[in-house]
Amino acid sequence: MTKIKEVVQVLEQYAPPAYQESYDNALLQVGDPNTTVTKVLVTLDCTLEVVQEAIDKGCNLIVAHHPVIFKPLKSLTGKTPVERILLKALQHQIAIFACHTNLDHVHNGVNAKLCQKLSISNTRVLSPKTQILTKLETYVPLKDTEKVLAALHKAGAGQIGEYSDCSFRVTGTGRFTPSAQANPHIGEPCQTEETIENKIEVIFPSFKQNQIMRALQQAHPYEEVAHYLVSLQNENQEVGAGMVGELAEPLSAEAFVQHVKEGLQISTFRHTAWPEKPIKRVAVCGGAGSFLIRQAKAAGADVFLTADLKYHEFFEATEQIALVDVGHYESEVYTKELFYDILTKSFPNFAVDLSSTYTNPVRHS
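On a predicted model such as this, the values are computed, not experimentally measured, just so you know.

Engineer: Any chance you could explain the overall build of the protein chain here in plain terms?
Structural biologist: Broken down by element type, the protein chain carries 11 helices and 15 strands. Across its three principal axes, the protein chain shows a C-alpha extent of roughly 85 × 55 × 40 Å. Per-residue burial for the protein chain yields a buried fraction of 48% across its 365 residues. Taking contacts inside the protein chain between residues at least 6 apart in sequence as the whole, the part at least 24 apart equals 72%.

Dropping the structure here:
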């Protein structure tokens, strides 16, 4: 009997809300988190037609990439499309959860799925985020070092790319004098004590600070735990906007056009003039990605594939890099498959359906 809050927890562990943009609203937007899940419908957009599809299929949870609620609501009377969607969902006791820019920013999120569809490998985050890492320094008796490190690692510290349980230690002498009211783990009250300690350092995502500190306090033997928390300027290579990688083989412009059409199942897309050299390195950004043109150039990409490019932004192409606009819906629709894979792997006790509703509002004639 899985609760909605358990589904939300799994998705938020995969794409932490701390990584969403300030303007975003990725969260459980409608519904009681304690409700038991019967069936889940995954979609790119939550429209009125998608809610009806959920009703028809017996789903009581919709997981969408794009949030329904972006701006605060002053009423809920059905006068706007958003209000009508919410009212219908509430009337049929259907919850709506959105996982948006936080899913864009994790290395195994929206852009990884786009690269998969385009057979782009050897990928890395195009524009890694900074100021989202913290370093913990603390001092531990030698015999307790492994216990404390194990607790910190279990709480989420020391994961760096494909390497886990990362830490640094150096051995030195700690000196302290407990007061008469103290209950020291080593030494006696009112007597100066020296002991051999390890100074250990670990790095963790800043949003995990509370759980890291709880783990430290619970595992550490000292009554007063000496520690330092340092905010880092380092780039987090696992979190950020866009992605860049390489095709298996260099492609001519004509072959690349066909490659994109087949990979994304589209018949047409907008682009600038192609570079004269074969296309090998490709940068991508699902959704509106014009803010990453400079980074794509710096990464040496032959093509930057994204969506929602304005006319004047196409002029930023050069002889070395072509700009491709495949459309917002087209660049993100396979996010549904990402949700499906996460949920079916984590919850075998209820069905997950891919929405069959075509939610793209753009038409070509």
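Engineer: Explanation requested: the side chain of T101 in the structure shown.
Structural biologist: Looking at the element boundaries, T101 is found in helix α4 (residues 101-105). With near-sequence residues (within four places) excluded, T101 lies in contact with Y19, Q20, E21, Y23 and D24.

Engineer: Before we go on, may I ask you to explain the sheet that holds strand β10 (residues 235-251) in this structure?
Structural biologist: What holds strands together in a sheet is hydrogen bonding between their backbones, with the strands either parallel or antiparallel. On the basis of which strands lie adjacent, the open sheet formed by 6 strands has the order β5-β10-β12-β13-β14-β11 and mixed pairing. Strands at the two margins of the open sheet, each flanked by one partner only, are β5 (120-130) and β11 (270-271). Where β11 lies against strand β14 (residues 322-325), 2 bridges are found, and the strand directions are antiparallel. Pairing of R270 across the sheet is with D325, part of β14. Taken strand by strand, helix α8 (residues 253-264) contacts β10, β12 (279-288) and β13 (303-307), and its axis lies near 125 degrees from that of β10.

Engineer: How should the environment of S331 be read in this particular structure?
Structural biologist: In this structure, S331 sits in helix α10 (residues 328-332). In the structure, S331 is positioned 24 residues away from A307 in sequence and 6.9 Å away in space, judged by C-alpha atoms. Residue contacts for S331: discarding those within four places in its chain leaves L114, G286, G287, A307 and V326.

The rules behind the values
Residues numbered from 1 in each chain as written. Predicted model: local features only at pLDDT ≥ 70, side-chain atom pairs only at ≥ 80, totals over all residues. Heavy atoms only, no water. Helix = DSSP H or I, 4+ residues; strand = E, 2+ residues; numbered from the N terminus. Buried < 20%, exposed > 50% of the residue type's maximum accessible area, 1.4 Å probe, protein only. Contact = heavy atoms within 4.5 Å. Pairing = 2+ DSSP bridges. Axes fitted to C-alpha atoms, helices over the stretch in contact; angles between N-to-C directions.

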